[in-house]
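Chain residues, written in single-letter form:
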Amino acid sequence: MVKTIELQFVTDLGKIAKLTVDGPAEPVNATAVKLAMEAIIASNAFYSNYGSLVSISGARVVERNVTDYEIV
């Protein structure tokens, strides 16, 4: 199974922009995630097609099963 943490931000255009990180440490420390998201917003290092990141919308761990098939 593949797990990612999806960080969701509100942009200055009122849209939701997502930043995903592979292999999150579990259990997820909500306080640490919030502090990291606030640092991302404060750094203004990311810009999305939906505008600049201005506030936190949420975060979630996404788990999915991936099966690769060799096609010859």
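Residues numbered from 1 in each chain as written. Predicted model: local features only at pLDDT ≥ 70, side-chain atom pairs only at ≥ 80, totals over all residues. Heavy atoms only, no water.

## Comments concerning the sheet that holds strand E4 (residues 51–64)
So, step 1. In space, the four strands of this open sheet follow the order E2-E1-E4-E3, with antiparallel pairing throughout. The strands lining the two open edges of the sheet, one partner per strand, are strand E2 (16–22) and strand E3 (47–48).
So, step 2. Inspection of the sheet shows strand E1 (residues 2–11) paired to E2 by seven bridges, in the antiparallel sense. Looking at the pairing, glutamate 6 lines up with threonine 20 of E2.
So, step 3. Of the strands in this sheet, E1, E2 and E4 touch helix H1 (residues 30–43), which is tilted by about 140° from E4. (Pairing = 2+ DSSP bridges. Helix = DSSP H or I, 4+ residues; strand = E, 2+ residues; numbered from the N terminus. Contact = heavy atoms within 4.5 Å. Axes fitted to C-alpha atoms, helices over the stretch in contact; angles between N-to-C directions.)

## Description of the confidence of the model for the chain
So, step 1. A residue-level look at the chain finds 100% of positions with pLDDT of 70 or above and a mean pLDDT of 94.
So, step 2. E3 is the least confidently modelled element of the chain, averaging 84 in pLDDT, while H1 averages 96, the highest of any element. (pLDDT = per-residue confidence, 0-100.)

## So, the pattern of salt bridges
So, step 1. Taken as a whole and judged by the stated rule, the model has three salt bridges.
So, step 2. The shortest N-O distance in the salt bridge between glutamate 63 and lysine 3 comes to 3.9 Å. Here glutamate 63, found in strand E4, pairs with lysine 3, found in strand E1; they are 60 residues apart in sequence, far enough to count as distant.
So, step 3. Residues arginine 60 and glutamate 6 are paired through a salt bridge, measuring 2.7 Å at the closest nitrogen-oxygen approach. Here the residue arginine 60 occupies a position in strand E4, and glutamate 6 occupies one in strand E1, the gap between them amounting to 54 residues.
So, step 4. A relative accessible area of 44% means that arginine 60 is categorised as partly exposed. (Salt bridge = Lys/Arg side-chain N within 4 Å of Asp/Glu carboxyl O. Buried < 20%, exposed > 50% of the residue type's maximum accessible area, 1.4 Å probe, protein only.)

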